[in-house]
Amino acid sequence: MSASGDTQTRTATPSGPNGGSAPQDAFGKIETRGIDHVPEGERHGRPFELFPVWVSSNVGYLYILLGGALSVLGLSVAQSFTVLILGSLFWGLVGLLAVSGPASGTPSQVVTRALFGIRGNRIFGAGFQWLVAVTYEGINLAIGALAGFTLLDSFGLHPADWTKVTLTVVIGVAAFALSLYGHATIVRFSVLFSVVLGACGLVLGGFVSQHATLHPAHFTALHGHALWAAACIGLALIASAPLSWSNGADYARYLPRDVSKWKVALSTAAGGFLPSVVMGGIGILAGTAVDMSDPQNSMRAIVPGWFYTVFLAVIVVGSVTNNVMTTYSSGLALQSLGVRMSRARSVYIDALIGGALCTYALLSPSFLTALNNILALTVTFLGPQMAIYATDIVLRRNRYDGLALHQEHPDAPFWYRRGYHPAGIIALVTGTVVALLFVDTTLFVGPGTSALGGLDLSALLGPLTSAAVYCLLSKNRETARP
């Protein structure tokens, strides 16, 4: 029997204390379901509950960093906000992908079997998603740990190495625990985190706006080709955040099948777009008053001393809430690779790997430079992958048979050719190659970018190429039940 089949058999109907079925997805109890299909009778909730889930995971320091990066690139305030809004529009794709959750009753890492085939998905779908997820776990944990170290310093504690290690473990365990409890607990806590973090973010914006100016004295305007080059790099950086979230179905799969697709898409997209623009905007405005090459320390100059400690605490908590969703999805992705283990155990493994990557990030002599390179390079394959996913949803009219997606044998509808779907794989490889030709990082500059004088078009050309190739090659087999 297949790996997913084993998981489904083990976790589909756990026995309760009275011989009945124990809740698979209840607040305060560890979610027992992994990647297996959610029966219609166990669907619950409303689309709007997705909004705070995405808000809580995105009211964080990363967007302040990205907004500040636009100022470092030399863009004016108006130009930076234009790039920020355009890049944040990629959240619309995240919302579109989320509608496949209620339709299939399965997470995104299983839905992508329709794109790449049962075996192909283990490399090009769930495989890439798992790799990106654990990488972001390490990045988020490192961001939270660095803020925690500075927070202790602000209290005059000057943490020793063992104290730093302990604090990093505590931050990691906090995210790990919520991820372990699963969907229902994440949904409930997300409301609280959204309110608290959102309120702190607005207060931070108020303090920053008092020092911001639309025409900073040190600003030198860019013109012509230099302006377009900076804008394109900025667009790729901002787009990298929503493009890393191709897992919208993970949190929408418990909603009833007949739920409004528009409400699911809008709740998901708005939950990411709003904090992206607000927190990124704070970073842009702060860039008019202080040097945003090191925002964590620079912000000390423009906020009251008492609120600086709050600001650092928000960074720590924000790293936890972001990692809650990331770790939850990475565990599902690991199961989708064919690894035979429960969702809880997969979370354990991913937490350990994320911790190891965090250690590497903390030891990196130039963390922010490394972070920008990672974000820029991930766009080259995450953008095409998300574009193929979105195109498949449109071509199939969002008709996915969740049970068929779990069939892993040569006669299964999503087996395609020896377990691989050529259309999806060729489209992804082609789009990624095109994106690499037009990417601009300190590690690698594509020949297309060089020929165009530094224009980074990876976030646009990669996805468009993949979508076009997939449309041309895919026969769009209708395997879903209407």
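In this text, all values refer to a predicted model and were calculated from it rather than measured experimentally.

(A) View of the overall build of the protein. Check the secondary structure of the protein and you find 21 helices and zero strands. Over its C-alpha trace the protein gives a radius of gyration of 22 Å, about what one expects of a compact globule, namely 23 Å for 482 residues. Along the longest, intermediate and shortest principal axes, the C-alpha atoms of the protein span 65 × 55 × 40 Å. Every one of the 482 residues in the protein was classed for burial, and the buried ones make up 59%.

(B) Looking closely at empty space enclosed by the protein. Counting across every chain of the model gives four cavities of 30 Å³ or more. As a volume, the largest cavity reaches approximately 220 Å³. In terms of lining, the largest cavity is formed by 21 residues, of which the most central are Ala133, Ser244, Trp245, Asn247 and Thr326. Elements that contribute at least two residues to the lining of the largest cavity include exactly α3 (61-72), α9 (118-154), α12 (224-243) and α16 (305-336). Its residues assigned to classes, the lining of the largest cavity shows ten nonpolar, eleven polar and no charged.

(C) Molecular detail of the confidence of the model for the protein. Mean pLDDT over the protein: 86, with 91% of residues reaching 70 or higher. Confidence over residues 1-23 falls short of pLDDT 50; this stretch has 44 contacts with residues more than four positions distant or in other chains.

(D) Summary view of the side chain of asparagine 323. Along the chain, asparagine 323 turns up in helix α16. Not counting residues up to four positions away in its chain, the partners in contact with asparagine 323 are Tyr136, Glu137, Asn140, Leu141, Ala175 and Ser179.

(E) Summary view of helix α10 (residues 161-181). Spanning 21 residues, α10 covers 31 Å between terminal C-alpha atoms, matching the ideal 30 Å at 1.5 Å per step. Turning to α10, its buried residues are Thr168, Ile171, Ala175, Phe176, Leu178, Ser179 and Leu180. Where α10 terminates, the next one or two residues include glycine 182, which has phi positive at roughly 95°.

(F) Summary view of the nonpolar core. Counting 114 residues, the largest nonpolar core has Trp54, Leu204, Val264 and Phe311 as its most contacted members. Looking at this core, the element that brings in the most residues is α16, giving twelve residues. With six residues, the next largest nonpolar core counts Ala229, Phe438, Leu455 and Leu457 among its residues.

(G) Representation of the packing of α9 against α16 in the model. Viewed as axis vectors pointing N to C, α9 and α16 meet at an angle of 160°, and their least axial separation amounts to 8 Å. One finds that α9 runs roughly antiparallel with respect to α16. Here α9 runs over α16; the crossing is left-handed.

(H) Main features of the packing of helix α19 (residues 422-437) against helix α21 (residues 458-473). At their nearest, the axes of α19 and α21 sit 8 Å apart, and the two run at 155° to each other. Compared by their axis directions, α19 and α21 come out roughly antiparallel. The two elements α19 and α21 meet at a crossing, and its hand is right-handed. Taking contact as the criterion, the partners of Ala423, Gly424, Ile426, Ala427, Leu428, Thr430, Gly431, Val434 and Ala435 in α19 are, on α21, Ser458, Leu461, Gly462, Thr465, Ser466, Val469, Tyr470 and Leu473. Tallied by class, residues from the contact of α19 with α21 come to ten nonpolar, seven polar and no charged.

(I) Examining unusual backbone geometry more closely. Although it is not a glycine, asparagine 398 sits at a positive phi angle of roughly 60°. Tracing the chain through its elements places asparagine 398 in the loop between α18 (367-396) and α19. We note that tyrosine 416 has phi near 55°; this positive angle belongs to a residue other than glycine. The residue tyrosine 416 is located in the loop between α18 and α19 in this model.

(J) Up close: the pattern of salt bridges. As enumerated under the stated definition, the model contains seven salt bridges in all. Across the pair arginine 43 and glutamate 40 runs a salt bridge whose closest N-O atoms are separated by 3.9 Å. Given the relative accessible area of 42%, glutamate 40 is considered partly exposed. Between aspartate 392 and arginine 396 there is a salt bridge; the shortest N-O distance is 2.7 Å. Of this pair, aspartate 392 and arginine 396 both sit in helix α18, separated by four residues, roughly a single helical turn.

Cut-offs used in this document
- Residues numbered from 1 in each chain as written.
- Predicted model: local features only at pLDDT ≥ 70, side-chain atom pairs only at ≥ 80, totals over all residues.
- Heavy atoms only, no water.
- Helix = DSSP H or I, 4+ residues; strand = E, 2+ residues; numbered from the N terminus.
- Rg over C-alpha atoms; globule rule 2.2 N^0.38 Å.
- Buried < 20%, exposed > 50% of the residue type's maximum accessible area, 1.4 Å probe, protein only.
- 1 Å grid on protein atoms, 1.4 Å probe; cavity = no way out; pocket = protein on both sides within 12 Å on 5 of 7 lines; lining within 4 Å.
- Points joined across faces, edges and corners; volume = space filled by probe spheres on them.
- Nonpolar A, V, L, I, M, F, W, Y, C, P; charged D, E, K, R; others polar.
- pLDDT = per-residue confidence, 0-100.
- Contact = heavy atoms within 4.5 Å.
- Expected span 1.5 Å × (residues − 1).
- Core = buried A, V, L, I, M, F, W, Y, C linked by side-chain atoms within 4.5 Å.
- Axes fitted to C-alpha atoms, helices over the stretch in contact; angles between N-to-C directions.
- Parallel < 35°, antiparallel > 145°, perpendicular 65-115°, else oblique.
- Left-handed = near helix turned anticlockwise from the far one by under 90°.
- Salt bridge = Lys/Arg side-chain N within 4 Å of Asp/Glu carboxyl O.

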